[in-house]
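# Per-entry structural report
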Amino acid sequence: MSYKITVIPGDGIGKEITDSAVEVLEKVDEKFGLGLSYTYKDAGGTAYDKFGTPLPDDTIEACKASDGVLFGAVGGDKWDNVDPALRPEKAILGLRKNLGLYANLRPVKVADALVEYSPLKPELVKGVDLVIVRELIGGIYFGDKCESEQHNGAERAWDLENYSVPEVDRIAKLAFETAKLRRGKVTSVDKANVLATSRLWRRTVAKVAESYPDVELNNLYVDNCAMQLAIRPTQFDVIVTGNLFGDILSDEAAVVGGSIGMTIGDLFDPVYVVYAPKTFILKLCIGLITGLIAHRFGHITYQTDKKKIARIAALAALGGLIFNTIFDPLVGYFYKLLILGKPAAE
């Protein structure tokens, strides 16, 4: 058995972190004979500079022909003023849509060594273990939009939010299946007191819940959920929500552990792996590289047969031990030094 992986370094720190991840994958391949092969393609600002588009057709075709995609990062100040339709971030949306990557899982489990670097009090952070299940290819990001038009004598712009029952149904089922493997609790997040799409969302999730009697379902408005993540994040097990709300809440949840770069993410979405907005800082932040490497272990366990899953899981567990005892303190040191702007006391 063999697996083909398309590697898209993208922009900025993307090449550095994907190179490091591939090095680890190659060692795992040597040990367990996974038969991994790699094809490198462009996307984001790098692709725009070369081809005039952030997502060339041959990149899409290579991804479709692969068993998995390893994506670095896109974007940077250089491309802030290009046409909105050609911005580097369009590569992410295009890959998600073309590959049908409707589900984005973002686990947040705070390592003990990072508790003190959270903006929250340690007693609120210790024990946080949650997963955000974000619908990824629907909603306002993929609806009709208008950049500018005249209306009643004034310029306006608009974006259309819409969801269908099948779109909500499939993401809800994934959330409930995920909860069955964890602590059996799903929190569905919407804005049903204002938005028609949220009312359809809530009705559909409730219908799906009928098939999962052993899983507890709670509903929260998005503003309340944002507050609850800050005051009592340990209450959450699985959070399921739409594209826009999930984008915001997953970043908030990641920072509970100190920084978005310190958490593993996207186990079921092999595209959007690491977000790197400040390359000059993140190049020095070991947390991003170790986070991406840990993510690769997690993704492989969902893609290989059961025997290989067991062996790689054991290796990942060893890697987790090393991460907690060696890298976590280093991550904490660099986080305090580079992000907070002060040296660690030790």
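Residues numbered from 1 in each chain as written. Predicted model: local features only at pLDDT ≥ 70, side-chain atom pairs only at ≥ 80, totals over all residues. Heavy atoms only, no water.

## Points about the nonpolar core
Across soluble globular proteins, nonpolar side chains show a tendency to be buried alongside one another. Formally: In these notes, a set of buried Ala, Val, Leu, Ile, Met, Phe, Trp, Tyr and Cys residues joined through side-chain atoms within 4.5 Å is what counts as a nonpolar core. Remark: exposure states derive from per-residue accessible area (1.4 Å probe, protein chains only) relative to the maximum for the residue type, with buried under 20%, exposed over 50%, and partly exposed in between. The helix and strand labels rest on DSSP assignments: H or I over at least four residues marks a helix, E over at least two residues marks a strand, and numbering proceeds from the N terminus. Whether two residues touch is decided by their heavy atoms; if any such pair falls within 4.5 Å, the residues are in contact.
Residues Val-133, Phe-176, Val-186, Trp-201 and Val-240 are the most contacted members of the largest nonpolar core, which totals 22 residues. At the level of secondary structure, the elements contributing two or more residues to this core comprise strand 4 (103-109), strand 5 (129-135), helix 6 (165-180), helix 7 (196-209) and strand 10 (238-241). A per-element tally of this core places helix 6 first, with 7 residues. Setting aside residues up to four positions removed in sequence, Val-240 forms contacts with Val-133, Ile-171, Ala-175, Val-186, Thr-187, Ser-188, Val-189 and Trp-201. Counting 19 residues, the second-largest nonpolar core is a separate cluster that includes Val-115, Leu-120, Leu-220 and Ile-239.

## Quick look at the sheet that holds strand 3 (residues 68-73)
Stated precisely, the cut-off is as follows: Note on pairing: two strands pair once DSSP finds at least 2 bridges between them. Structural elements are reduced to axes, namely lines fitted to C-alpha atoms, with helices fitted over the stretch in contact, and the angle between N-to-C directions of any two is expressed from 0 to 180 degrees.
Taken in spatial order, the 3 strands of this open sheet run 2-1-3, and their pairing is parallel. Strand pairing shows two members of the sheet lacking a second neighbour, strand 2 (36-40) and strand 3, which therefore form its edges. When strand polarity is set aside, the average angle formed by the axes of neighbouring strands in this sheet is 25°. Taken together, the 5 bridges between strand 1 (residues 3-10) and strand 3 define a ladder with parallel strand orientation. Of the residues in strand 3, the one forming a bridge with Ile-8 is Phe-71. Contacts between helix 1 (residues 14-32) and the sheet are confined to strand 1, strand 2 and strand 3, with strand 3 contributing the most and set at about 145° to the helix.

## Some points on the pairing of strand 6 (residues 145-151)
Note that strand 6 and strand 7 (residues 154-159) share 5 bridges and pair antiparallel. Residue Gln-150 lies in a different strand from strand 7, and its bridge partner there is Glu-155. Between the end of strand 6 and the start of strand 7, which pair antiparallel, lie 2 residues, with Asn-152 showing a positive phi angle near 55°.

## Quick look at the packing of aromatic side chains
Counted only if it meets this: Pairing of aromatic rings covers Phe, Tyr and the six-membered ring of Trp, with a centre-to-centre limit of 6.5 Å; geometry is then stacked below 30 degrees between planes, edge-to-face above 60, and tilted otherwise. Note on geometry: a ring has a charge over it if NZ (lysine) or CZ (arginine) is within 6 Å of the ring centre and within 35 degrees of the ring normal.
Counted under the stated rule, the structure contains 2 aromatic pairs. When the ring of Tyr-163 is compared with that of Trp-201, the centres are 5.5 Å apart and the planes differ by 65°; the resulting orientation is edge-to-face. Highlighted residues: Tyr-163 in the loop between strand 7 and helix 6 and Trp-201 in helix 7, separated in sequence by 38 residues. By the burial criterion, Tyr-163 is buried, and Trp-201 matches it. Aromatic pair Phe-176 and Tyr-212: ring centres 5.1 Å apart, planes at 20°, arrangement stacked. Note that Phe-176 is positioned in helix 6 and Tyr-212 in the loop between helix 7 and strand 9 (216-221), a separation of 36 residues in sequence. What makes Phe-176 buried here is its relative accessible area of 0%. Its relative accessible area of 12% is what places Tyr-212 among the buried residues. Here the basic side chain of Lys-97 rests over the ring of Phe-142, its NZ or CZ set 4.9 Å away from the ring centre.

## As for the sheet that holds strand 5
In a beta sheet, neighbouring strands pair by backbone hydrogen bonds and run either parallel or antiparallel. Spatially, the 5 strands line up as an open sheet ordered 4-5-10-8-9, and their pairing is mixed. Lying at the two open borders of the sheet, with one neighbouring strand each, are strand 4 and strand 9. The sheet shows a mean angle of 20° between the axes of neighbouring strands, taken without regard to direction. Bridging between strand 5 and strand 10 involves 4 bridges; their strand directions are parallel. In the strand pairing of strand 10, Arg-134 is matched with Thr-241. On top of the sheet, helix 8 (residues 222-231) reaches strand 5, strand 8 (185-190), strand 9 and strand 10; it is set at about 105° to strand 9, its chief contact.

## As for the packing of helix 6 against helix 7
Convention followed: If an angle is under 35 degrees, it is roughly parallel; if it is over 145, roughly antiparallel; if it lies from 65 to 115, roughly perpendicular; otherwise it is oblique. Crossing handedness follows the turn of the near helix against the far one: under a right angle anticlockwise gives a left-handed crossing, and clockwise gives a right-handed one. Classification used: nonpolar for Ala, Val, Leu, Ile, Met, Phe, Trp, Tyr, Cys and Pro, charged for Asp, Glu, Lys and Arg, polar for all others including Gly.
Between helix 6 and helix 7, the shortest axis-to-axis distance is 9 Å and the interhelical angle comes to 50°. Compared by their axis directions, helix 6 and helix 7 come out oblique. For the pair helix 6 and helix 7, the sense of crossing is right-handed. Along the contact surface, helix 6 presents Val-165, Val-168, Asp-169, Ile-171, Ala-172, Lys-173 and Phe-176, while helix 7 presents Leu-200, Trp-201, Thr-204, Val-205, Val-208 and Ala-209. Split by residue class, the contact of helix 6 with helix 7 holds 10 nonpolar, 1 polar and 2 charged.

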